[in-house]
Structures are given as structure tokens and as C-alpha cells.
Amino acid sequence: MDLQEILDRIAADMAATQDRGRVAGYIPELACVDPTQFAIAVATADGQLLSAGDADVPFSIQSISKAFTLALALGRLGDQLWHRVGREPSGNAFNSITQLEREAGIPRNPFINAGALVVTDSLLEARVRSEVLAELLRFLRHAADDDDIHINKRVAASEEATGHRNRALAEFMAAHGNIHNDPAQTCWTYFHQCAVEMSCRQMALAGRFLMGGASGPTMLAPARMQRILALMLTCGHYDASGDFAFHVGLPGKSGVGGGILVIAPGRASIAVWSPGLNANGNSQLGTRAMMQLAAKTGWSVFQ
Ligand code: DON
């Protein structure tokens with residue numbers, strides 16, 4: 001199997017695709033991103049880094065940040081975190097509020113927005129917001145072995161200006177005692193973590209901490225890694241998680257910036273990016289590219 005050839009073919013196929021989905025419009029800064037871009041990068045367990053397309057162009061990682069903050073929160077709180085957030089797929093959109101009302105302010109999982117707000121809130125315990133963001137950036141830079149990873153303040157401000165729904169989620173959970181800090185501070189920190197920018201090559205390298213195997217940095221106990229991967233498989237694509245597991249068969253975490261981080265356990269960390277989204281808010285071409293990569297490599301965990 002020539003992995004570079006597989007990536008080149010996928011990139012060529014994506015370049016020829018007309019229907020690219022629609023860029024996220026609800027965060028104004030993301031609406032300006034050129035939808036014709038596509039990139040894929042693969043960091044393998046034997047230490048290679050291969051890529052195709054616009055793999056050095058930074059994109060807004062958005063909800064992919066939730067996988068990293070979950071790792072940080074589990075490191076700080078351990079299993080205590082699970083008193084405040086569940087581990088079940090939601091079957092609802094990432095920003096849904098209805099389930100939260102029925103379930104007394106305990107979000108279904110750490111990857112829907114409500115759950116990620118709780119995770120960020122837990123990181124803010126006894127710390128100011130700038131310390132939490134500094135810890136996240138340190139973690140990402142160490143994982144990717146690259147100091148050139150930053151927060152795009154314009155994107156954060158853009159979401160801060162329009163993030164009424166997230167503020168509603170945070171206030172609602174505060175009413176249930178499940179947000180412990182000022183909800184405005186928690187939202188501000190969350191908007192900034194979502195506004196981190198990385199290229200596909202940086203993201204594939206950063207994802208190695210979830211890959212296992214010899215070449216990635218050891219930043220997590222294996223049991224914790226397995227649990228984050230289980231949540232990525234069952235909840236990482238929101239109400240399309242079943243479909244992604246069905247077609248790709250690998251744990252993944254998507255973001256509305258059009259990126260997806262996918263892990264082939266023991267084999268590879270994969271980042272794919274194309275800004276146009278499908279109806280579930282996941283990258284349209286990114287999902288397609290991952291279907292092709294999984295089919296061509298046989299990397300499905302069910303293989
Ligand atoms: O909270 C939001 O709506 C965004 N900052 C992140 C959402 C997101 O990436 C959902 N992913 N597909």
C-alpha cells in the first residue's frame with residue numbers, strides 16, 4: 001500500500017467534487033473562509049507524516065478542541081468529571097437545548113456544546129481563564145511538537161458576539177448548579193478554545209497522543225486514551241456519529257471549521273479539512289475523504 005498515492009488520489013477526487021456543502025454561517029468569521037480548500041494529513045505510528053492538498057493552511061479547530069479539553073479535564077479531575085457530564089450519544093444536534101431541560105442540566109456527553117461547556121467550566125475551577133487557555137496551548141504545542149499554534153482572536157470575538165445559544169446553555173446549566181463559574185467566563189474561555197487554529201499537518205501530529213504505538217508522545221494513560229476514543233466513536237459526530245462509525249469505522253471528532261481528527265488506534269492519527277459542512281454540521285468532503293481512506297487502508301477498527 002502506497003499511502004502517499006492514496007492521499008494524492010483522495011485529494012484529486014475531492015478537487016473534482018462540485019457539491020462541497022456549506023460553510024458555517026452562524027459564526028461570521030467562519031462564513032468568510034474559502035470553501036474550495038481541502039487537505040488531509042496522516043501521522044503514522046512508525047513516525048511518518050504524509051499529506052496532500054492545503055495541508056499547511058491553518059483552520060479553526062472549533063469542536064475538535066473538545067477532545068483536547070476532555071483529556072485535560074480528566075487529567076485534573078479524573079472520574080469525578082462523570083458526575084457532571086454523561087457518556088451517551090445524544091442523537092441531537094450539537095447545540096440542542098431540549099435534552100438538557102429533560103435531563104436536569106446534565107449534558108449527555110462531553111462533545112455536544114453543553115458537555116464541552118461543563119468540561120471547560122471544570123478546568124476553570126480555582127484558575128483564571130488565561131491560565132486555562134495557556135494550558136491548552138501548551139498541551140497542543142507539546143503534542144504536535146510545534147510552538148506555532150495560536151488562538152485566532154477575531155474568530156473568538158466573532159463567536160462571542162453571536163454565541164447566544166451557548167450562553168443560554170451555560171446559564172441553564174448554572175441554574176441547575178452544573179456550571180460553577182460565572183457562565184460568561186466559561187463561555188469566553190470556550191469560545192477561545194474553539195478559535196485555536198491548526199493546519200492538517202499540525203493536527204495530525206497533535207492527535208498522536210490518542211494513537212498509542214511507539215512514535216506518539218505519551219501524554220495519557222492507555223485506559224484514559226481508550227475511553228476518549230470510545231466517546232469519539234459514539235459521540236464525536238453528534239447525531240451523525242452512527243453514520244460515521246458505519247461508513248468509516250474509526251473514532252473521530254469533527255468541528256464546524258470543517259476539520260475532523262480521526263484516530264486509527266495503534267496505526268495513525270489523521271486530520272482532514274474542508275470548510276463546507278453537511279446538514280449535521282460535519283465536513284462534507286472531510287467525511288467523504290475519510291470513507292475513502294478507511295476503505296483503501298482497511299484501518300476500520302472493525303476490520
Ligand atoms: O460552540 C459552537 O457552536 C462552536 N464553537 C463549535 C461547534 C462545533 O464545532 C460543532 N461541530 N461540528
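Scroll up to find the structure this text is about.
Note that this is a predicted model, so its numbers are computed, not measured.

Draft legend 1. Summary view of the pairing of strand β2 (residues 49-53). As judged from the five bridges shared by strand β1 (residues 39-44) and β2, these two strands associate in the antiparallel manner. Note that in β2 the partner of Ala41 across the bridge is Ser51. Counting the residues between successive antiparallel strands, the hairpin from β1 to β2 contains four residues, one of them, Gly47, with a positive phi of roughly 95 degrees.

Draft legend 2. Geometry of the site of the ligand. Lining the immediate environment of the ligand, one finds 15 residues, of which Tyr26, Gln62, Ser63, Glu159 and Tyr190 sit closest. The side chain of Tyr26 places a nitrogen or oxygen atom 2.5 Å from an oxygen atom of the ligand. When isolated, the ligand has an accessible area of 340 Å², and the protein chains bury 99% of it. Its residues assigned to classes, the shell around the ligand shows six nonpolar, eight polar and one charged. Split by domain, the shell around the ligand shows at least three residues from each of two domains, domain 1 (3-62 + 197-297) and domain 2 (63-195).

Draft legend 3. How the structure looks around the side chain of Gln62. For Gln62, the position within the fold is in the loop between β3 (59-60) and α3 (65-77). With relative accessibility at 2%, the residue Gln62 sits in the buried group. Polar contacts involving the side chain of Gln62 include one to the side chain of Ser60, which spans 3.0 Å. Each residue touching Gln62, except ones within four places of it in the same chain, is listed here: Ile27, Leu30, Val155, Glu159, Cys194, Ala195, Gly255, Val256 and Gly257.

Draft legend 4. Highlighting the nonpolar core. By size, the foremost hydrophobic cluster in this structure holds 77 residues, and its most contacted members are Phe68, Leu70, Val196, Met203 and Leu210. When residues of this core are assigned to their parent elements, the largest contribution, eight residues, is made by helix α6 (residues 129-144). Counting the residues that make up this core, at least three belong to each of domain 1 (3-62 + 197-297) and domain 2 (63-195). The residues contacting Leu70, other than those within four sequence positions of it, are Leu81, Trp82, Pro110, Phe111, Val119, Ile228 and Leu231. Counting residues in hydrophobic clusters, the runner-up holds 26 residues, among them Ile6, Val248, Ile270 and Leu293.

Draft legend 5. Summary view of the pairing of strand β8 (residues 268-273). Burial within β8 is extensive, with six of its six residues counted as buried. The side-chain alternation of β8 yields two buried faces, one formed by Ala268, Ile270 and Val272 and the other by Ser269, Ala271 and Trp273. Judged from the six bridges that link them, β1 and β8 form a sheet pairing that is antiparallel. Across the sheet, the residue bridging to Ile40 is Val272, located in β8. Both strand β7 (residues 259-264) and β8 contribute to a ladder of six bridges, which runs antiparallel.

Draft legend 6. Fine view of the side chain of Gln292. Secondary-structure assignment places Gln292 in helix α13 (residues 284-297). Accessibility expressed as a relative area gives 19% for Gln292, which makes it buried. Contacts of Gln292, omitting those with residues within four sequence positions, involve Ile10, Asp13 and Met14.

Draft legend 7. Layout of the sheet that holds strand β5 (residues 196-198). Ordered in space as β3-β5-β4, the three strands form an open sheet in which the pairing is antiparallel. The sheet is open, and its two borders are formed by β3 and β4 (150-151), each paired with just one other strand. By the bridge criterion, two bridges tie β4 to β5 in an arrangement that is antiparallel. Paired with Ile151 across the strands is Val196, a residue of β5.

Draft legend 8. Summary view of helix α7 (residues 153-162). Residues Val155, Ala156, Ser158 and Glu159 constitute the buried set of α7. Relative to the axis of α7, the buried residues are bounded by an arc of 160 degrees and lie together on one face. Every exposed residue of α7 that faces more than 90 degrees away from the buried side is listed here: Lys153, Arg154 and Ala161. The opening residue of α7 is Asn152, an N-cap whose side-chain oxygen sits 2.9 Å from the backbone nitrogen of Arg154.

Draft legend 9. Representation of the environment of Thr98 in the model. Tracing the backbone through its elements, the reader meets Thr98 in helix α4 (residues 98-102). As for Thr98 and Ser122, which are separated by 24 residues in sequence, their C-alpha atoms are 23 Å apart.

The rules behind each value
- Residues numbered from 1 in each chain as written.
- Predicted model: local features only at pLDDT ≥ 70, side-chain atom pairs only at ≥ 80, totals over all residues.
- Heavy atoms only, no water.
- Pairing = 2+ DSSP bridges.
- Helix = DSSP H or I, 4+ residues; strand = E, 2+ residues; numbered from the N terminus.
- Near = heavy atom within 4 Å.
- Polar contact = N/O pair within 3.5 Å; in protein donor to acceptor, adjacent residues only side chain to side chain.
- Areas by Shrake-Rupley, 256 points an atom, 1.4 Å probe, with all protein chains shown as cover.
- Nonpolar A, V, L, I, M, F, W, Y, C, P; charged D, E, K, R; others polar.
- Domains from an automatic or database assignment.
- Buried < 20%, exposed > 50% of the residue type's maximum accessible area, 1.4 Å probe, protein only.
- Contact = heavy atoms within 4.5 Å.
- Core = buried A, V, L, I, M, F, W, Y, C linked by side-chain atoms within 4.5 Å.
- Arc of directions from axis to C-beta.

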